[in-house]
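# Working through the structure, step by step
Spelled out, the chains give:
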Amino acid sequence: MTEVNNKKKFTDFKLPEMLLKSFEEHKFINPTPIQEEVIPLAMNGQDILGSAQTGTGKSLAFITPMISKLLDDKIHSGIILVPTRELAKQVLEVVRDILTPNMKINTALLIGGDKIAGQKNQLKNKPRIIVGTPGRINDFLEKKFLKLHQTDYLVLDEMDRMLDMGFGVQIETIINRMPQERQTLMLSATMPKNIMKMANKYLMAPVVVEIEGTKEQNENIEQDFIHLKEDEKFDKLIDELDNRSGSVVIFAKTKRGVERLVKRINELKNDSHSVNYIHGDLRQRHREQVVKKYRDYKFRILVATDVAARGLDIPHIEHVINYDLPQQAEDYTHRIGRTGRNGAKGYALTLVSPAEKKEWKELSLFLDPSKEDEFIEESKKNRKSRSRNRRSGGGKGH
């Protein structure tokens, strides 16, 4: 019997021949769920409000229709706003991978921390795809180095994070410099009220695309949880590092916690535990250097705060260890999404201490909402127990 493959292919979309040829060379055959949803809608010119986790292939979902549009329209341009320079570089890398010389579409990267002169030179080549961070693009607009009156395709990627980082005002300024008649794609891992407010203000009758990334995305990731006392964590971590091979990312809650952990690992003087770290207090250039060294296998273990949970795309990461639970349950998905990329097998281990009871409850409910009744029952029992204790021993001295 012949097996029928009903899976969508990129060739099913009405993409320009040059773009399909590029996809063929890169062996892009079947779109991911978000690509399958977003590309046809965007090709029809619709505004989109998309919700998808990291690692679901959303970059290609918004880049494909942008390039397709620019190949048909030789006058206008597109702009992609992202929260960090690391992510901007990764997105531009995807763009440049797909573009071929005969497409004749120039690009520019406008990010903080790099010299303005070099970026001004990029603008002299009349780029039709600009990738950048809101702060630097805003600077270029204020200095009149950049004009967006013919930029009618806008992508706002990781919108929740951009707003968390305080880029709301800059984003509004950028949008107000663009034509009113434009196409806007807003993508976000979460959909809090401030995202919905921005979407209502700047998107025209958007189609909402929600991809439940957690289950499908994490199919390749083996997840384990170990409950132990806080003072047992470090020894358990070292045991796990001894028994695992390949690159590891360890997540800790605070910047100081990251540094303490690295110091303790270094004190062991174990060559197989070569380690480095990144967190928000480090200079941008220093963080980039650390990530580059990690990407080039110069050390095995990277310890990080959640600043690295999104935008860190290194295919060879085999293990993620949550030394501390994340503050927000949603960040768990971003963390473990650093492994199991592109169909590879990944491993995620989470160490849980009694002090993290609140975070563990939130994470448990996030991963399995059916546990809510179990937690409610447990809470009732705890309240009854406390009440009995007060009745038996309370009241004295009052």
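What comes next is a walk through the structure. The structure presented is a predicted model; accordingly, all values stated were derived computationally and were not measured.

### Here's the deal with the sheet that holds strand 11 (residues 301–304)
Spatially, the six strands line up as an open sheet ordered 8-13-12-9-11-10, and their pairing is parallel. The strands lining the two open edges of the sheet, one partner per strand, are strand 8 (221–227) and strand 10 (275–278). The mean angle between the axes of side-by-side strands here comes to 20°, regardless of whether they run parallel or antiparallel. Across five bridges, the pairing between strand 9 (residues 247–251) and strand 12 (residues 317–322) is parallel. Bridge pairing in strand 12 links Phe251 to Asn322. Contacts from helix 12 (residues 255–267) reach strand 9, strand 10 and strand 11 within the one sheet, and its direction differs from that of strand 10 by about 175°. Strand contacts of helix 13 (residues 284–295): strand 9, strand 10, strand 11 and strand 12, with the helix running at about 140° to strand 10, the strand carrying the most contacts.

### Some words on unusual backbone geometry
At Lys104, a position not held by glycine, the phi torsion is positive, near 55°. Of note, the phi angle at Lys126 is positive, near 50°, even though the residue is not glycine. Along the polypeptide, Lys126 turns up in the loop between helix 5 (116–124) and strand 4 (129–132).

### Points about the sheet that holds strand 1 (residues 48–51)
The parallel open sheet is built from seven strands, whose spatial order is 3-4-2-5-6-1-7. Edge positions in the sheet fall to strand 3 (107–110) and strand 7 (207–210), since each of these pairs with one other strand and no more. Pairwise comparison of adjacent strand axes, ignoring direction, gives a mean angle of 15° for this sheet. Bridge count for strand 2 (residues 77–81) against strand 4 is four bridges, and the pairing is parallel. Its bridge partner being in strand 4, Ile79 is matched across the sheet by Ile130.

Conventions we followed
Residues numbered from 1 in each chain as written. Predicted model: local features only at pLDDT ≥ 70, side-chain atom pairs only at ≥ 80, totals over all residues. Heavy atoms only, no water. Pairing = 2+ DSSP bridges. Helix = DSSP H or I, 4+ residues; strand = E, 2+ residues; numbered from the N terminus. Axes fitted to C-alpha atoms, helices over the stretch in contact; angles between N-to-C directions. Contact = heavy atoms within 4.5 Å.

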